[in-house]
Amino acid sequence: MSSTCRGVQVRPDTDLHARIESRPRGTTFCFAKGLYLLSGTIQTGQKFPTLDLRAGAVIDGQNGGFIGINGPDGPADEPGTTILGGLFQHFGNAGAPRW
């Protein structure tokens, strides 16, 4: 785990959607180093979490036709979903943003 991340610990076998839904709005999630295989888009909804992937997390879409993580913009006085570091790979959605 990243020594600088303080929050809810996440490992590659974690049910990300359930973990996000079970925590309060604005929670920080600290992803352990590893390969996270997604089978669909992780929707963050109105939770506006911080996802800290800096320990070496790789988010893999397994060439699925979806995007990795999605959520609405935050209200004017607070940030929306924030992603720190990490690598996103193998997403097959032709309409996805190319940052």
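Quick look at the structure, then. (Residues numbered from 1 in each chain as written. Predicted model: local features only at pLDDT ≥ 70, side-chain atom pairs only at ≥ 80, totals over all residues. Heavy atoms only, no water.)

Overview of the sheet that holds strand β1 (residues 8-10)
No. 1: Taken together, the 4 strands give an open sheet; going across it, the order is β1-β2-β5-β8, and neighbouring strands pair in parallel fashion. Lying at the two open borders of the sheet, with one neighbouring strand each, are β1 and β8 (82-84). Direction aside, the axes of adjacent strands within the sheet are offset by 20° on average.
No. 2: Pairing of strand β5 (residues 50-52) with β8 involves 3 bridges; the strand directions are parallel. When the sheet's bridge partners are listed, Thr50 is paired in β8 with Thr82. (Pairing = 2+ DSSP bridges. Helix = DSSP H or I, 4+ residues; strand = E, 2+ residues; numbered from the N terminus. Axes fitted to C-alpha atoms, helices over the stretch in contact; angles between N-to-C directions.)

Remarks on the nonpolar core
No. 1: Formed by 16 residues in total, the largest nonpolar core has its most connected members in Phe29, Phe31 and Tyr36.
No. 2: Those residues in contact with Phe29 that lie beyond four places of it in its chain are Cys5, Val8, Val10, Arg19, Ile20, Arg23, Pro49, Thr50, Leu51 and Asp52. (Core = buried A, V, L, I, M, F, W, Y, C linked by side-chain atoms within 4.5 Å. Buried < 20%, exposed > 50% of the residue type's maximum accessible area, 1.4 Å probe, protein only. Contact = heavy atoms within 4.5 Å.)

Remarks on the environment of Tyr36
No. 1: Residue placement: Tyr36 occurs in strand β3 (residues 34-37).
No. 2: C-alpha of Tyr36 to C-alpha of Gly61: the two residues are 25 residues apart in sequence and 8.6 Å apart in space.
No. 3: Discounting residues that sit within four places of it in the chain, Tyr36 has contacts with Val10, Arg11, Pro12, Phe31, Ala57, Val58, Ile59 and Asp60.
No. 4: Within the structure, the side chain of Tyr36 is placed 2.8 Å from the backbone oxygen of Ala32, a separation counted as a polar contact. (Polar contact = N/O pair within 3.5 Å; in protein donor to acceptor, adjacent residues only side chain to side chain.)

Concerning the packing of aromatic side chains
No. 1: Within this structure, the stated rule accounts for 3 aromatic pairs.
No. 2: Aromatic pair Phe88 and Phe91: ring centres 6.3 Å apart, planes at 40°, arrangement tilted.
No. 3: Three or more aromatic residues link up through ring pairs in this structure, and these residues are Phe66, Phe88 and Phe91. (Phe/Tyr/Trp six-rings, centres within 6.5 Å; stacked < 30°, edge-to-face > 60°.)

Some details on the sheet that holds β3
No. 1: Reading across the sheet, the 3 strands line up as β3-β6-β9 and stay open at both edges, with parallel pairing between neighbours. The open sheet has two free edges, formed respectively by β3 and β9 (87-91), since each of these has just one partner strand. Strand-to-strand, the axes of this sheet are offset by a mean angle of 20°, without reference to chain direction.

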